[in-house]
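Read off the chains here:
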Amino acid sequence: MTFSVFLPDPQSRTAPPPPVLYYLSGLTCSDENARTKSHFAAEAGKVGLAVVFPDTSPRGVGIPTEDDDWQFGSGAGWYLDATVDPWSKHYKMYTYITKELPSVIAGLFPVDPIRRSITGHSMGGHGALICHLKNPGMYTSVSAFAPACNPTAVPWGEKVFPGYLGSLAAGKAYDATELVKSYSGPKPSILIDIGTHDFVLTTQLKPENLSAACGEAGYPLQLRMQPNYDHSYYFVATFMRDHVDHHARALGLRYKM
């Protein structure tokens with residue numbers, strides 16, 4: 001699978017390798033969208049943070065319907081491990097993001113193999129949340145832009161989970177609102193930004209459900225509703241600095257002078 005990697009200039013010849021921020025993209029995206037539109041490089045470079053941009057699904061694997069629906073199949077892997085044929089052979093995005101890709105990155109690039117954080121946008125925000133909640137302690141910090149917070153309760157989940165997993169109920173294993181209820185482990189604060197004019201705010205994102213679940217579970221969540229912003233990369237780019245800073249602080253990084 002294709003991925004892109006940003007490596008910051010080392011602060012000195014003896015500087016330790018940089019930690020890695022994994023950025024998971026949304027529906028229809030590839031590894032290129034956030035890399036070219038999110039204005040991440042200046043901010044990541046200032047703090048010495050490597051950034052990895054995975055693709056959002058396998059491509060061209062020969063499934064007859066893989067390109068038929070922008071919400072399912074190519075560009076829409078939903079960061080889960082499919083169990084239903086024919087998707088189960090190739091669509092193992094959860095394992096790819098949490099195990100296979102970090103191993104590849106650590107083997108090929110001069111990065112810290114242990115210190116890592118995760119973020120994402122829309123479907124990718126959902127992916128960031130579940131990867132953290134299913135793996136306590138794996139990620140030093142987590143954030144999300146306009147994530148699908150409770151997919152089993154919205155139309156996206158009603159389509160995706162039966163198709164990939166066989167039932168809507170099976171999707172609870174990949175639903176942040178459900179996962180936080182039983183989470184046990186380190187609790188780094190989750191930062192989430194969502195625009196008040198997001199076109200899927202009320203129909204697909206359901207941040208209020210995650211907020212309520214975090215409150216009941218005692219999990220720290222900073223949910224920021226940004227007035228007049230939408231779901232676009234203009235929104236992501238506007239708040240990218242805040243998210244890089246969120247991860248940099250957690251990782252112990254300092255801005256270059």
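Since this is a predicted model, take the numbers as computed values, not measurements.

Q: Just to check I follow, could you spell out the pairing of strand β1 (residues 3-6) for this structure?
A: Looking along a regular strand, one sees the side chains alternate between the two faces of the sheet. Of the two faces of β1, only the one carrying Ser 4 and Phe 6 is buried; Phe 3 and Val 5 on the other face are not. Where β1 lies against strand β3 (residues 50-54), four bridges are found, and the strand directions are antiparallel. Within β3, the residue paired with Val 5 across the bridge is Val 52.

Q: Honestly, the pairing of strand β6 (residues 190-195) in this entry has me stumped. Any pointers?
A: The element β6 is extensively covered by neighbouring structure, given that six of its six residues are classed as buried. Here β6 shows no split at all, with Ile 190, Ile 192 and Ile 194 on one side and Leu 191, Asp 193 and Gly 195 on the other all buried. Sheet analysis places strand β5 (residues 142-145) next to β6, joined by four bridges and oriented parallel. Following the sheet pairing, Val 142 is matched in β6 by Ile 190. With six bridges joining them, β6 and strand β7 (residues 221-226) adopt parallel strand pairing. The residue of β7 that forms the bridge with Ile 190 is Leu 221.

Q: Just checking my understanding: could you explain the packing of aromatic side chains for this structure?
A: Centre distance and the angle of the planes are the two values used to describe a pair of aromatic rings. Per the counting criterion, the structure on display carries 16 aromatic pairs. Connected via pairs of aromatic rings, a cluster forms that spans Phe 6, Tyr 23, Phe 40 and Phe 53. Taking the ring centre of Tyr 94 as reference, the NZ or CZ of Lys 134 above it sits at 5.3 Å. Above the ring of Tyr 174, the side-chain terminus of Lys 134 is found at 4.7 Å from the ring centroid.

Q: Looking at this model, I keep getting lost on unusual backbone geometry. Mind explaining?
A: The phi angle of most residues is negative, glycine excepted, and most peptide bonds adopt the trans form. The residue after Asp 85, namely Pro 86, is reached through a cis peptide bond having omega 0°. Mapped onto the elements, Pro 86 comes out in the loop between β3 and α3 (93-108). Although it is not a glycine, Trp 78 sits at a positive phi angle of roughly 60°. As for its placement among the helices and strands, Trp 78 is situated in the loop between β3 and α3. The phi angle at Tyr 79 is positive, at roughly 55°, despite the residue not being glycine. Overall, Tyr 79 belongs to the buried group, its relative accessible area being 0%.

Q: Hey, could you run me through the side chain of Asp 193 in this one?
A: Tracing the backbone through its elements, the reader meets Asp 193 in strand β6. Within the structure, the side chain of Asp 193 is placed 2.8 Å from the side chain of Arg 224, a separation counted as a polar contact. A distance of 2.8 Å separates polar atoms of two side chains, one belonging to Asp 193 and the other to Gln 226. Apart from residues no more than four positions distant in its own chain, Asp 193 is found in contact with Ala 144, Phe 145, Ala 146, Arg 224, Gln 226, Phe 235, Phe 239 and His 243.

Q: Honestly, α3 in this entry has me stumped. Any pointers?
A: The periodicity of an α-helix, 3.6 residues per turn, causes residues three or four positions apart to be oriented the same way. The axis of α3 is deflected most strongly, by about 35°, at Glu 100, and proline Pro 102 appears within four residues downstream. All buried positions along α3 are accounted for by Met 93, Tyr 94, Tyr 96, Ile 97, Thr 98, Leu 101, Pro 102 and Ile 105. Lining the buried residues of α3 we find β1, β2 (20-24), β3, β4 (116-120) and α4 (123-133).

Q: How should the pattern of salt bridges be read in this particular structure?
A: Side chains that differ in sign of charge can pair as their charged atoms come close. Applying the stated criterion across every chain, the model contains nine salt bridges. Among the ionic pairs, Arg 241 bridges to Glu 43, the shortest N-O distance being 3.7 Å. Of the two residues, Arg 241 is situated in helix α9 (residues 233-251) and Glu 43 in helix α2 (residues 41-47); the sequence distance between them amounts to 198 residues. Owing to a relative accessible area of 48%, Arg 241 belongs among the partly exposed residues under this scheme. Overall, Glu 43 belongs to the buried group, its relative accessible area being 11%.

Conventions we followed
- Residues numbered from 1 in each chain as written.
- Predicted model: local features only at pLDDT ≥ 70, side-chain atom pairs only at ≥ 80, totals over all residues.
- Heavy atoms only, no water.
- Buried < 20%, exposed > 50% of the residue type's maximum accessible area, 1.4 Å probe, protein only.
- Helix = DSSP H or I, 4+ residues; strand = E, 2+ residues; numbered from the N terminus.
- Pairing = 2+ DSSP bridges.
- Phe/Tyr/Trp six-rings, centres within 6.5 Å; stacked < 30°, edge-to-face > 60°.
- Lys NZ or Arg CZ within 6 Å of the ring centre and 35° of its normal.
- Polar contact = N/O pair within 3.5 Å; in protein donor to acceptor, adjacent residues only side chain to side chain.
- Contact = heavy atoms within 4.5 Å.
- Bend = angle between axes of the 7 residues up to and from the residue.
- Salt bridge = Lys/Arg side-chain N within 4 Å of Asp/Glu carboxyl O.

The values reported here are purely geometric and, on their own, carry no functional implication.
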